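Chain by chain, the residues:
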Amino acid sequence: MRLIEHVHTYLSKHLQPGDHAIDATTGNGYDTAHMASLVGSKGLVIAIDIQKEAIDVTRKRLENLQCLRQVQLLTGDHSEVLQSLCSTNTQTISAITFNLGYLPGSDKSIRTTPETTLRALEASQQLLKPNGLLLVTAYRGHKGGQDEADTVARWMQQIENSGWLINSNDPAVNGDNIPPILFVARRFLANNPKI
């Protein structure tokens, strides 16, 4: 099973109609569209990307699926936008997804960085409501990708020590092909200790 399928399975089991969710790095809009279908017309998905091209592709995908009305599309750096959302959305978000790296088929120099991602993860921790789900797919096969994945792994270890459940799906490296790693995090609740 591909990691995107794992992500969508987690989201399908977690999100309910009316929930609010964030796709912090919308890319081509696959996670955004899946979340929009799950939260329905009474829910909200906030989709963020630094590239207008990604926002345009996502808008078209959502229009084709007739679920644009429950999505707010924002162009900007994921760390800055998430930090700005903290003032009005603290502990209101049911799920947040990240796909770290660059937009496939675009300028590879425009990508997430360990520094901006760390700030975005800190903001996510404030935005997620109790039992909220955080899904981070870190692509390691490009310049800077392994450093960013290592930064995410260290951050996940820190929050695990403060009462979060952490799981990861780390496919085996096959020759020169370095697959992405999926981190799954959820605040521990005594009555629901499973991810």
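See the structure printed just above.
Residues numbered from 1 in each chain as written. Predicted model: local features only at pLDDT ≥ 70, side-chain atom pairs only at ≥ 80, totals over all residues. Heavy atoms only, no water.

## Some remarks on helix 6 (residues 145–160)
For helix 6, spanning 16 residues, the distance from its first C-alpha to its last is 22 Å, which sits close to the expected 22 Å at 1.5 Å a residue. Those residues of helix 6 not exposed but buried are Gly 145, Glu 148, Ala 149, Thr 151, Val 152, Trp 155, Met 156 and Ile 159. Across the axial projection of helix 6, the buried residues extend over an arc of 155 degrees, all falling on one side. Away from its buried face by more than 90 degrees, helix 6 exposes Arg 154, Gln 157 and Gln 158. Next to the buried residues of helix 6 lie strand 4 (93–100), helix 5 (114–127), strand 5 (128–138), strand 6 (164–169) and strand 7 (181–187). (Helix = DSSP H or I, 4+ residues; strand = E, 2+ residues; numbered from the N terminus. Expected span 1.5 Å × (residues − 1). Buried < 20%, exposed > 50% of the residue type's maximum accessible area, 1.4 Å probe, protein only. Arc of directions from axis to C-beta. Contact = heavy atoms within 4.5 Å.)

## Points about the sheet that holds strand 6
Overall, mixed pairing links the seven strands, which are arranged 3-2-1-4-5-7-6 in an open sheet. Edge positions in the sheet fall to strand 3 (71–75) and strand 6, since each of these pairs with one other strand and no more. Shown here is a sheet whose adjacent strand axes are inclined to one another by a mean of 15 degrees, direction ignored. As paired elements, strand 6 and strand 7 share six bridges and run antiparallel to each other. Paired with Ser 168 across the two strands is Phe 183, which belongs to strand 7. Helix-sheet contacts for helix 2 (residues 30–39) involve strand 1 (20–23), strand 2 (44–49), strand 3 and strand 4, and the interaxial angle to strand 2 is about 170 degrees. Its contacts with the sheet place helix 4 (residues 78–89) against strand 1, strand 2, strand 3 and strand 4, and it is angled at close to 150 degrees to strand 2. (Pairing = 2+ DSSP bridges. Axes fitted to C-alpha atoms, helices over the stretch in contact; angles between N-to-C directions.)

## So, the packing of aromatic side chains
A complete count under the given rule lists zero aromatic pairs for this structure. Lying over the aromatic face of Tyr 30, Arg 61 brings its terminal NZ or CZ to 4.0 Å of the ring centre. (Phe/Tyr/Trp six-rings, centres within 6.5 Å; stacked < 30°, edge-to-face > 60°. Lys NZ or Arg CZ within 6 Å of the ring centre and 35° of its normal.)

## Details of the packing of helix 5 against helix 6
Look at helix 5 against helix 6: their axes get within 9 Å of each other, and the N-to-C directions meet at 30 degrees. The orientation of helix 5 with respect to helix 6, classified from their angle, is roughly parallel. In this structure, the crossing between helix 5 and helix 6 has a hand that is right-handed. The segment helix 5 lies against helix 6, with Pro 114, Thr 117, Leu 118, Leu 121, Glu 122 and Gln 125 engaging Asp 147, Glu 148, Thr 151, Val 152, Trp 155 and Ile 159. The residue makeup of the contact of helix 5 with helix 6, split by class, is six nonpolar, three polar and three charged. (Parallel < 35°, antiparallel > 145°, perpendicular 65-115°, else oblique. Left-handed = near helix turned anticlockwise from the far one by under 90°. Nonpolar A, V, L, I, M, F, W, Y, C, P; charged D, E, K, R; others polar.)

## Focus on the nonpolar core
The biggest cluster of nonpolar side chains holds 29 residues, and the ones touching the most others in it are Ile 22, Leu 82, Ile 96, Phe 98, Leu 134, Val 136 and Met 156. Only strand 2, helix 4, strand 4, helix 5, strand 5, helix 6 and strand 7 provide two or more residues apiece to this core. If sequence neighbours within four positions are ignored, Ile 96 has contacts with Ile 22, Ala 24, Ser 124, Leu 127, Leu 128, Leu 133, Leu 134 and Leu 135. In terms of nonpolar packing, the next biggest core, distinct from the first, is built from 22 residues, Ala 21, Leu 38, Ile 55 and Leu 182 among them. (Core = buried A, V, L, I, M, F, W, Y, C linked by side-chain atoms within 4.5 Å.)

## Re the side chain of Asp 19
Along the chain, Asp 19 falls in the loop between helix 1 (3–14) and strand 1. This buried residue, Asp 19, is left without a salt bridge; Lys 129 holds the nearest opposite charge, at 4.1 Å. Of the polar contacts made by the side chain of Asp 19, one reaches the backbone nitrogen of Gln 16; its length is 2.8 Å. In contact with Asp 19, other than residues within four places in its own chain, are His 14, Val 39, Gly 43, Leu 44, Ser 94 and Lys 129. (Lys, Arg positive; Asp, Glu negative; His and termini not counted. Salt bridge = Lys/Arg side-chain N within 4 Å of Asp/Glu carboxyl O. Polar contact = N/O pair within 3.5 Å; in protein donor to acceptor, adjacent residues only side chain to side chain.)

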